[in-house]
Amino acid sequence: MTKKFLLVTGMCALLLSTSCESKHEKKEKEVAFLVTNPVVMDTTITKDYVCQIHSIRNIELRALEKGYLKAIHVDEGQAVRKGQKMFDIMPNVYQADLQKAKAEAEVAEIEYKNTKMLADNDVVSANELNMSKANFDKAKAEVALAETHLSFTDIRAPFDGIMDHLNVREGSLLDEGELLTSLSDNSKMWVYFNVPEAEYLDYIMNHSKESAKEVSLLMANNKKFPHDGKVETIEGEFNNETGNIAFRATFDNPEGILRHGETGSILMKVPYNEAMIIPQKATFEILDKKYVFVIDKDHVVRQREITIEAELPHLFIVQEGLSTKDHVLLEGIRMVKNGEKIHTKFEKPIEVMASLDMYAE
């Protein structure tokens, strides 16, 4: 009995000692949560807008006269030079019209010269001379018109450009106005993108009208176009259905990378003055609303809703809900509860952002 009593007493003492040591270790290892405060500073964010890329000149080449397509001197996708011959439409009829007009003009000229000689000798009246002169002028106009119609059968490139798809083949019977192909001047590109009304107002009120805003182009392969562009034009009216207004940026395209009809994204830097910034990792989301844990003067955790104005890499610009005096929980968001009292350790916001930059790199 004595042995059993001693054994039980010893076990109880051991358990009691272990429990006390465990509580003592827990107390010594009590967690100190990192907190920081928002910082106000000037910064810049990059906004992106879906865009459509157009050639600075993109036209349709059409047949101005009826006739058979005699020859095609170019190919699809070919680079052509200004004045280069592209199409020949069968000119026989128009050549005959020109010869006829020239013959009639020669007859009218002879009649005019004869009438003038008679008028100089007072054989015919001045009115007859004027009538003969008018007939001669009309005949010359018919010659010029026939020459113009004949020139329409010789279709040449109006400027340097890239040819598009051929819509006809040699031997095709063309109607007046029929589409032959398209021609694009890709030396410069016009890039159109839509901007919401609020952002348009910020742009107009903050940007100098004396200098064009520089923008970048992110192409469809997610790579940046090697040349920056400039916003040169804003359309005159808003789209009532979308609430947007179209901007147009111009990009030089010396390597010919961009083609008419491409898509991409315009990247435009927007300055923010005296923006209130906090790390993204200090926030959490509930039903599409953003929250942070603010630590009060009694070290008690208080949940608070905030409004985000813009987003930066690893950072948020806060529109409302915080002040620079607030201490915001930086880490351990899932380890605390609203109304809980915790131990904290303050870290300067500059040091916090420096660690975020190192993490990003």
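On a predicted model such as this, the values are computed, not experimentally measured, just so you know. (Residues numbered from 1 in each chain as written. Predicted model: local features only at pLDDT ≥ 70, side-chain atom pairs only at ≥ 80, totals over all residues. Heavy atoms only, no water.)

Caption draft 1: Local environment of the sheet that holds strand 3 (residues 67–72). If you walk across this open sheet you meet the four strands as 6-5-3-8, and the pairing is antiparallel. Every interior strand has two partners, whereas the edge strands, strand 6 (154–156) and strand 8 (173–174), have only one. (Pairing = 2+ DSSP bridges. Helix = DSSP H or I, 4+ residues; strand = E, 2+ residues; numbered from the N terminus.)

Caption draft 2: Layout of the packing of helix 2 (residues 92–120) against helix 3 (residues 126–151). Here helix 2 crosses helix 3 at 160°, and the two axes come no closer than 8 Å. Viewed along their axes, helix 2 and helix 3 adopt a mutual orientation that is roughly antiparallel. Where helix 2 crosses over helix 3, the two elements pack in a sense that is left-handed. Split by residue class, the contact of helix 2 with helix 3 holds 13 nonpolar, five polar and 11 charged. (Axes fitted to C-alpha atoms, helices over the stretch in contact; angles between N-to-C directions. Parallel < 35°, antiparallel > 145°, perpendicular 65-115°, else oblique. Left-handed = near helix turned anticlockwise from the far one by under 90°. Nonpolar A, V, L, I, M, F, W, Y, C, P; charged D, E, K, R; others polar.)

Caption draft 3: Representation of the pattern of salt bridges within the structure. Taken as a whole and judged by the stated rule, the model has 15 salt bridges. Between D160 and R81 there is a salt bridge; the shortest N-O distance is 3.4 Å. In this pair, D160 sits in the loop between strand 6 and strand 7 (161–163) while R81 sits in the loop between strand 4 (79–80) and strand 5 (85–89), placing the two residues 79 residues apart along the sequence. Residue D160 is classed as partly exposed on the basis of its relative accessible area, which comes to 31%. (Salt bridge = Lys/Arg side-chain N within 4 Å of Asp/Glu carboxyl O. Buried < 20%, exposed > 50% of the residue type's maximum accessible area, 1.4 Å probe, protein only.)

Caption draft 4: Just the pairing of strand 2 (residues 39–62), in detail. As judged from the 13 bridges shared by strand 2 and strand 13 (residues 263–279), these two strands associate in the antiparallel manner. The partner of C51 across the bridge, within strand 13, is G264.

Caption draft 5: Structural view of the environment of E142. You can see E142 is positioned in helix 3. Put simply, E142 and A101 are 41 residues apart on the chain and 5.9 Å apart in space, counted from C-alpha to C-alpha.

Caption draft 6: Just the packing of aromatic side chains, in detail. Per the stated rule, a full pass over the model turns up nine aromatic pairs. Centroid distance Y112 to F136: 5.9 Å. Interplanar angle 15°. Geometry classified as stacked. With Y112 in helix 2 and F136 in helix 3, this pair connects stretches of sequence that are 24 residues apart. Y112 sits in the buried class, given a relative accessible area of 17%. On the basis of relative accessible area, F136 is assigned to the buried category, the value being 11%. When the centroid spacing of 4.8 Å and the interplanar angle of 35° are considered together, the rings of F284 and F293 count as tilted. Taken as a pair, F284 and F293 share a single burial class, namely buried. Ring pairs connect the aromatic residues Y49, F193, Y200, Y203, F238 and F247, which therefore count as one cluster. Here K140 stacks its cationic end above the ring of F136, 4.7 Å away from the centre of that ring. (Phe/Tyr/Trp six-rings, centres within 6.5 Å; stacked < 30°, edge-to-face > 60°. Lys NZ or Arg CZ within 6 Å of the ring centre and 35° of its normal.)

Caption draft 7: A look at the side chain of D326. Its location among the elements puts D326 in the loop between strand 17 (315–320) and strand 18 (327–329). Taking the relative accessible area as the measure of exposure, D326 reaches 14% and is therefore buried. Of note is the side chain of D326, whose polar atom sits 2.9 Å from the side chain of R304. Separated by 2.9 Å, the side chain of D326 and the backbone nitrogen of S323 make a polar contact. Contact partners of D326, with chain neighbours within four places excluded, come to T36, N37, P38, V294 and R304. (Polar contact = N/O pair within 3.5 Å; in protein donor to acceptor, adjacent residues only side chain to side chain. Contact = heavy atoms within 4.5 Å.)

Caption draft 8: Here's a closer look at the environment of A146. Within the fold, A146 resides in helix 3. Overall, A146 belongs to the buried group, its relative accessible area being 8%. Considered as a pair, A146 and K102 are 44 residues apart in the sequence and their alpha carbons are 9.0 Å apart. Once you skip the residues sitting within four places of it in the chain, A146 turns out to touch D97, L98 and A101.

Caption draft 9: Broad picture of the confidence of the model for the protein. Mean pLDDT over the protein: 85, with 89% of residues reaching 70 or higher. Segment residues 20–28: pLDDT under 50, and zero contacts once partners within four positions in sequence are set aside and those in other chains are kept. (pLDDT = per-residue confidence, 0-100.)

Caption draft 10: Expanded view of the side chain of T181. By the element assignment, T181 lies in strand 9 (residues 179–196). For T181, a relative accessible area of 0% puts it in the buried group. If we ignore the near neighbours within four places in the chain, the residues touching T181 are I59, E60, L61, M86, F87, M163, D164, H165, L166 and N167.

Caption draft 11: Just helix 3, in detail. With 26 residues, helix 3 extends 38 Å between its outermost C-alpha atoms, agreeing within 8% with the 38 Å of an ideal straight helix rising 1.5 Å per residue. If you check which residues of helix 3 are buried, you get L129, S132, F136, A139, V143 and A146. Residues of helix 3 that are buried sit in contact with helix 2. (Expected span 1.5 Å × (residues − 1).)

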